[in-house]
Amino acid sequence: MFRSQTFSVRRRFSDFLGLYEKLSVKQCLQGCIIPPPPEKSVMGMTKVKVGMDDPSSVEFVERRRAALERYLQRIVSHPTLLQDPDVREFLEREELPRAVNTQALSGAGFLKMINKASDAVNKMTIKMNEADTWFEDKFQEVENEEQQLRKLSAVVDSLVNHRKELCMNTALFAKSMAMLGNSEDNTALSRALSQLAEVEDKMEALHQEQAANDFFVLGELLCDYIRLVGAVRGCFDQRMRAWQRWQDAQSSLQKKREAEAKLLWANKPDKLQQAKDDITEWESRVTQYERDFDRVGMMVRKEVLRFEKEKVKDFKSQIIRYLESMLQSQQRLIKFWEAFLPEAKAIA
Amino acid sequence: MMEEVKEGSVLSVQTNGIKVSEVVKDGDSLTFIIISQKLSGTGEYHVARTYDDFDWLQQHLFSQEEVPGIQGIIFPPLPARAQVNPSAKVMKQLGLLALGDWKPYGAALEQFLQQVASHSVLCKNKALEDFLTSTEPPGRQKSKKNILNRLSQAVEGLRKEGHKDVEDFFQNERDLNQALTNCTKVVAEKFLDVVQTEQKISVACGHFSAALQMCVESAEDPDKQDFSRVCKSLSEVFSSMGKHMLSVAENDTDSLGLGLDLDSRYQDAEKEMLFRRTCKLVELEAAQRNAERAKPVKKAAMEEVKKTTETEFNQISVMAKQEIMELKRARVQWFQRALVLWCEKQLVTAKKNTEQLNLHLEKVRALA
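What you see as residue numbers is a count from 1 along each chain, following the sequence as written. Chains carry letters and ligands carry numbers; both start at the beginning, A for chains and 1 for ligands, and go up in the order they are written. Only residues with pLDDT of at least 70 are given local features in this predicted model, and only at 80 or more are side-chain atom pairs given and counted; all residues enter the totals for whole chains, interfaces and linings. No hydrogens and no water enter the side-chain calculation; it runs on all heavy atoms of the structure.

- In the annotation of an unreviewed UniProt entry, chain B is listed under the name PX domain-containing protein and assigned to Knipowitschia caucasica.
- If you open the UniProt record of chain B and go to Sequence similarities (unreviewed entry), you find "Belongs to the sorting nexin family." UniProt positions are given in the numbering used here, feature names are shortened, and annotations may be inferred rather than shown by experiment.

- An unreviewed UniProt entry annotates chain A as PX domain-containing protein of Knipowitschia caucasica.
- UniProt, in the comment section headed Sequence similarities (unreviewed entry), describes chain A in these words: "Belongs to the sorting nexin family."

**Quick word on the interface of chain A and chain B**
- Only heavy atoms enter the contact rule, under which two residues are in contact if any of them lie within 4.5 Å. Taken residue by residue, the interface counts 58 residues in chain A and 62 residues in chain B.
- Here's the idea: put two parts together, see how much 1.4 Å probe accessible area each one loses, and the total over both is what we call buried area. Of the roughly 5,400 Å² buried between chain A and chain B on both sides combined, carbon and sulfur atoms contribute 76%.
- Note on definitions: salt bridges are taken to be side-chain nitrogens of Lys or Arg within 4 Å of carboxyl oxygens of Asp or Glu. At the boundary of chain A with chain B, the tally comes to six salt bridges.
- Across the pair A:Glu141 and B:Lys224 runs a salt bridge whose closest N-O atoms are separated by 3.5 Å.
- Whenever two N or O atoms come within 3.5 Å, that pair is a polar contact, provided that in protein one can donate a hydrogen and the other can accept it, and provided that, for residues adjacent in sequence, both atoms are side-chain atoms. Across the chain A-chain B interface, the total number found is eleven residue pairs in polar contact (both at pLDDT 80 or more).
- Breaking the side of chain A that touches chain B down by element, the ones donating at least two residues are helix H7 (134–183), helix H8 (187–266) and helix H9 (269–345) of chain A.
- Numbering goes from the N terminus for both helices and strands, where a helix is a DSSP run of H or I of at least four residues and a strand is a run of E of at least two. By residue number, the principal contributor to the side of chain A that touches chain B is H9(A), which donates 24 residues.
- Gly is put with the polar residues, along with every residue not named as nonpolar or charged; the nonpolar set is Ala, Val, Leu, Ile, Met, Phe, Trp, Tyr, Cys and Pro, and the charged set is Asp, Glu, Lys and Arg. Along the lines of polarity and charge, the residues of the side of chain A that touches chain B split into 32 nonpolar, ten polar and 16 charged.

**Quick word on empty space enclosed by the protein**
- Both cavities and pockets are sets of points on a 1 Å grid over the protein atoms alone; in a cavity a 1.4 Å probe fits but cannot get out, in a pocket the set is open with protein on both sides within 12 Å along at least five of seven lines, and lining residues sit with an atom within 4 Å of a point. Grid points are joined across faces, edges and corners, and a volume is the space filled by probe spheres set on the points. Enumeration according to the criterion identifies ten cavities of 30 Å³ or more in this entry.
- In this model, the largest cavity occupies a volume close to 380 Å³.
- Broken down by secondary-structure element, the contributors of at least two residues to the lining of the largest cavity are H7, H8 and H9 of chain A together with helix H6 (168–213), helix H7 (222–293) and helix H8 (296–366) of chain B.
- Class assignment of the residues belonging to the lining of the largest cavity gives a composition of 16 nonpolar, nine polar and four charged.
- A:Pro35, A:Pro36, A:Pro37, A:Pro38, A:Ala67, A:Arg70, A:Tyr71, A:Arg74, A:Asp224, A:Arg227 and A:Leu228 together form the lining of the second largest cavity.
- It is helix H3 (residues 55–76) of chain A that provides the largest number of residues to the lining of the second largest cavity, a total of four residues.
- Considered class by class, the residues forming the lining of the second largest cavity number seven nonpolar, no polar and four charged.

**A word on the UniProt feature "coiled-coil region" (unreviewed entry) in chain A**
- The UniProt record annotates "coiled-coil region" (unreviewed entry) at residues 135–162 of chain A.
- For residues 135–162 of chain A, the helix share is 100%, the strand share is 0%, and the end-to-end C-alpha distance is 41 Å.

**Considerations on the domain arrangement of chain B**
Residues and elements named next belong to chain B.
- Domain boundaries assigned for chain B yield domain 1 (1–138) and domain 2 (155–368).
- The domain boundaries here were taken from an automatic or database domain assignment. Between the C-alpha centres of domain 1 and domain 2 there is a distance of 20 Å.
- Facing the 24 residues of domain 1 at the interface are 26 residues of domain 2.
- When the two sides are added together, the surface that domain 1 and domain 2 hide from each other amounts to roughly 2,200 Å², 65% of it contributed by carbon and sulfur.
- Among the residues of domain 1 in contact with domain 2, Gln 71, Ile 74 and Leu 96 are the three that bury the most area, contributing 32% of the side total.
- Where domain 1 packs against domain 2, one counts zero salt bridges.
- At the boundary of domain 1 with domain 2, the tally comes to five residue pairs in polar contact (both at pLDDT 80 or more).
- Listing elements by their share of the side of domain 1 that touches domain 2, those giving two or more residues are helix H2 (88–94) and helix H3 (103–117).

**Description of the packing of H7(B) against H8(B)**
- Their axes nearest at 9 Å, the elements H7(B) and H8(B) cross at an angle of 170°. The orientation of H7(B) relative to H8(B) falls into the category roughly antiparallel. Axes, fitted as lines to C-alpha atoms, cover a helix only where it is in contact. Angles between the N-to-C directions of the axes lie from 0 to 180 degrees. Note on terminology: angles under 35 degrees are roughly parallel, angles over 145 are roughly antiparallel, angles of 65 to 115 are roughly perpendicular, and the others are oblique.

**Regarding the pairing of strand S3 (residues 44–49) of chain B**
All names here are of chain B.
- Criterion used throughout: strands pair if DSSP finds at least two bridges between them. Taken together, the six bridges between strand S2 (residues 29–37) and S3 define a ladder with antiparallel strand orientation. When the sheet's bridge partners are listed, Phe 32 is paired in S3 with Arg 49.
- The turn joining S2 and S3, which pair antiparallel and follow one another in sequence, is formed by six residues; a positive phi near 70° is taken by Gly 41.

**Here's the deal with the confidence of the model for chain A**
- Averaged over all residues, the pLDDT of chain A equals 85, while 86% of them reach at least 70.
- By mean pLDDT, the top-scoring element of chain A is H7(A) (93), and the lowest-scoring one is helix H2 (residues 42–50) of chain A (65). pLDDT measures how confident the predictor is about each residue, on a scale from 0 to 100.

**Let's talk about the packing of aromatic side chains**
- Each Phe, Tyr or Trp ring (for Trp, its six-membered ring) is paired with any other whose centre lies within 6.5 Å, and the angle between the two planes then decides the class: stacked below 30 degrees, edge-to-face above 60, tilted in between. Enumeration over the complete set of coordinates arrives at 24 aromatic pairs over all chains.
- Judged by centre distance (5.0 Å) and plane angle (80°), the ring pair of A:Trp134 and A:Phe135 falls under edge-to-face. In this structure, A:Trp134 and A:Phe135 share a single accessibility class: buried.
- Where B:Phe191 meets B:Trp342, the ring centres are 5.9 Å apart and the plane angle is 80°; that geometry is what we call edge-to-face. Separated by 151 residues along the polypeptide, B:Phe191 in helix H6 and B:Trp342 in helix H8 bring together distant segments of the chain.
- Each residue gets one of three labels from its accessible area relative to the maximum for its type: buried under 20%, exposed over 50%, partly exposed in between, using a 1.4 Å probe on protein chains only. Overall, the relative accessible area of 2% leaves B:Phe191 in the buried class.
- Given a relative accessible area of 2%, B:Trp342 falls into the buried group.
- Members of the aromatic cluster, connected to one another through ring pairs, are B:Phe32, B:Phe54, B:Trp102, B:Tyr105, B:Phe112 and B:Phe131.
- Whether a charge lies above a ring is judged from NZ of Lys or CZ of Arg, which has to be within 6 Å of the ring centre and within 35 degrees of the ring normal. Geometry around A:Phe135 places A:Arg239 over its ring, the cationic atom sitting 3.3 Å from the centre.
- For the cation-ring pair, B:Arg277 lies above B:Phe170, with the distance from its terminal atom to the ring centre recorded as 3.6 Å.

What follows is the structure, encoded as structure tokens:
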């Protein structure tokens, strides 16, 4: 499939957005769930551009890197998208032409775009008569899920903030302990307190890691899925559009038949052939669009089922990663305190 | 009616057996149940006391003017008054003791009683015996507020505090105490911040667990079931984590937290004592000057005053030196105990958490 075993290319952030643009346009009428790219961030990028070396810039860069990686992984694990020449080109080609139409994905972000599209669909006057409630039910589920994910994301945000607070407070405590150790006149106690200050510094580093764990493993998982669920909503909208197109074609066909009837009655044989040709054309379009609609419907069903399976796998593997990281943290914590215990006992 | 204070009263309970077994909330006030073990034979004293009773006890200890060198004693520090719904100001004063549903506060009061009971001079005060053994609450009448405490807060305090000492030992101790008073206060405050953040994390974990539980649905769709199981597992993980953090915060409070709080209050108590002695020194130097400059007619009287003040000062200094040495020794011990206990508790909790995490990990791995 690819030219070499391993290869690397350089890409800009806008290239990733460009890839999404291309895929959306192409897969527009297919009903695929196209993985959404990470959001643009004016704030984050400005800091990085200015060259600020502070921890939040470093965190931003890492966050973006990880998000882009997940984005690409989701694309290549999709059997249809992997076949797409644009995807291959993105991964292989040395130089990519500069992506231009990424304005739609700027600032306001991906979800706003999806919401706009949904609103347009909702405004369609003809309501669909669902023979099969599967689509309606699923759509409702998807909307509920988005709400739940948002709530979970907010709680995780709060947790991450508290962990960062704990880092800060631990550092301050360590410093105050060091000062106490320095002022102590009893040598054994002074030494133990100074060592305690050092252990607390190590604890601060541990808390930092745990905050990163919460953020990168759980927080980002939830954010990704909020966007993915938006993409799922997007593909339901695609089906609605396909249905709309079919309905529109049917009414056009109806109009053409009425036109033919009028001509027959008005007895204008020269325009009659044109009318008959029109009817034939629209009849085939109606058939085509009906087939398209059915095909999109099947694709949506397939995609949604695939999405749900992937979701379970994704969540499961992230939870395992989270727990493993927590365990490592605990092990290191135990080592620190086991090393300190004899020092504490040696005070007197 | 003021209680009579008999000298040479012997405490009839075991020092280490004094326990504050319960803190009872009664509307707006707190009542403390104190159990003491009888020295002779078996049996216990059960008494119920309020903060006012503790205050009464302390006032009696302060007011033992007939005890030579009483001002040289480092009085075991009583924690600040607690309220059921503490104001922000009271919360700040109490610091760590306001946490944990008043259990640490009870422990601090217990420590206070044990310190008084094991003090060679203070344990002889009948007020202590009455406090611990009498079924009726000791006289609630407000005894005259003794000026022995909080002297250094008075306006002239700042001026006298810097007064140069006549003995190196005491000058050094005053300097050291100055440094330690500041350090221990900061350490206790910073530790409290850590504990409170741990509590916040515990609450956040609980919220996350609850929010996840709401994602669990009983549906027939197998895919939905799978996801529900995943959510349920994660919910259980965070429920454990919440409980774990709560344990961590409790460990912190019960061991090192109490130790740091006690240390900080003792530094303050030592500061008060050193200040009393410094004031006496100032008084003595003034008396010496007066005796020197006195006109012949007043000379004898001034000499008397000088001699009395000198005796008092020497008694205070002797007592103070003993007390300081004792505090130094005791401090090292209780720090060691607090640190060892804290360390051991942390290890136990961490190992338990590791077990829990391993169980959860196995469970999640086993999910289809």
